[in-house]
Amino acid sequence: MTADGRLVFAAKTTRTFCYGFLGVLFPVYLAEHGMGARQIGVAVTLTLLASAAMTFAIRRPAERYGARVALLDAYGAANSRSSSGGETRIIRMGYGPDELYTQWAARSLPVWQEFFVRIERPLFHKTGVLWVSDDADGHLSAMVRTMGEAGVVCERLSSEEIQKRFPQLHFPDVTCGVYEPLSGVLMARQSVQAVVQDAIEHGAEYFNASVVPPNGSGRPASVKTGSTTPPTATRSTSSSSTRQSIRRR
Ligand SMILES: Cc1cc2nc3c(=O)[nH]c(=O)nc-3n(C[C@H](O)[C@H](O)[C@H](O)COP(=O)(O)OP(=O)(O)OC[C@H]3O[C@@H](n4cnc5c(N)ncnc54)[C@H](O)[C@@H]3O)c2cc1C
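Residues numbered from 1 in each chain as written. Predicted model: local features only at pLDDT ≥ 70, side-chain atom pairs only at ≥ 80, totals over all residues.

Judged by nonpolar contacts, the single largest core of 20 residues is most densely connected at L140, M143, M147, C154 and V178. Of all the secondary-structure elements, those providing two or more residues to this core are α3 (99-119), α4 (138-149), β6 (176-180) and α6 (188-201). Excluding its chain neighbours within four sequence positions, the residues that come into contact with V178 are G94, W131, L140, M143, V144, C154 and R156. (Core = buried A, V, L, I, M, F, W, Y, C linked by C-beta atoms within 7 Å. Buried ≥ 20, exposed ≤ 12 C-beta atoms within 10 Å, placed from the backbone. Helix = DSSP H or I, 4+ residues; strand = E, 2+ residues; numbered from the N terminus. Contact = placed C-beta atoms within 7 Å.)

Right, let's talk about the site of the ligand for a bit. Around the ligand, a shell composed of 14 residues is seen, among which A74, S82, S83, S84 and V211 lie nearest. Where the shell around the ligand is concerned, the elements lending two or more residues are β1 (70-73) and β2 (88-91). The element best represented in the shell around the ligand is β2, accounting for three residues. (Near = placed C-beta within 6 Å.)

For the rest of this paragraph, the subject is the sheet that holds β2. Pairing within the open sheet is antiparallel, and its three strands lie in the order β2-β7-β3. At either end of the open sheet lies a strand with only one pairing partner, and these are β2 and β3 (124-125). Bridge count between β2 and strand β7 (residues 184-187): four bridges; the pairing is antiparallel. Looking at the pairing, I91 lines up with G184 of β7. Its contacts with the sheet place α6 against β2 and β7, and it is angled at close to 55° to β7. (Pairing = 2+ DSSP bridges. Axes fitted to C-alpha atoms, helices over the stretch in contact; angles between N-to-C directions.)

An ideal rise of 1.5 Å per residue puts 16 Å on 12 residues; α4 measures up with 17 Å between its terminal C-alpha atoms. When we look at burial in α4, the residues that qualify are L140, M143, T146 and M147. Mapping the buried residues of α4 onto a view down its axis gives an arc of 125°, with all of them on the same face. Opposite the packed face of α4, turned more than 90 degrees from it, sit the exposed residues G138, G148 and E149. Contact partners of the buried residues in α4: α3, β4 (129-133) and β6. One or two steps after α4, the chain reaches G151, where phi turns positive at roughly 75°. (Expected span 1.5 Å × (residues − 1). Arc of directions from axis to C-beta.)

Here you go:
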């Protein structure tokens, strides 16, 4: 659990204890002062309503002061210089013997799919992915083994099976292939921009700003940018230009 998480947990525990204790103490106190059951009921109900109103009233300013997320990109999300820039990327699980990449891709695909369902945009096309090669190709065998170990659905196909299932393809030197039926095409630019949009809608702040590479060692306490867009940043001035510093919370 993070330091913020522990703080929230401690505050919530204290609040719940005090609140519960008051729920017992307050009616007893009112009864001792001669109030009847009906009056006590009204007083406790009003207290609860006032508490709900107070919680609502302080929620907005509290959000402003709580931990917040800042997204920065020098050229804009999914810009044409970025490696995710471009209309499409193939999302597939096969990375030869690379377990880590296979596992990452296998974890990433359902997360994308859930996201697209939530935002109601069909930005993944389950076309399937076919790898073709020959029997001497160790990369393909390692890929099948790695995907099997990671629980990825895939089929090893002979050249005859490839011909039968994909008659539009004809490679004379292909003797085998691997088919990933659940993989496909991700609309890369739109997907990355949708993630940024969704983050903004959930309270993140986005800045078109270039991050100045940090120097020194360890975790940097703040991030300096070279842009002059005024975000929620603390300003510091360098000799050549106005820079911003966005503090890590
Ligand atoms: C032509 C091509 C085809 C590819 N095809 C596939 C494929 O089919 N399937 C697949 O899985 N992978 C593919 N890849 C790889 C895949 O696209 C990348 O691994 C992936 O997009 C990387 O995403 P990223 O968010 O890490 O980096 P990026 O998409 O490059 O994002 C990095 C962002 O950081 C910003 N930035 C950089 N420096 C700074 C700075 N100092 N301050 C502020 N912002 C900064 C950039 O503007 C950029 O927007 C392909 C890559 C290329 C180039």
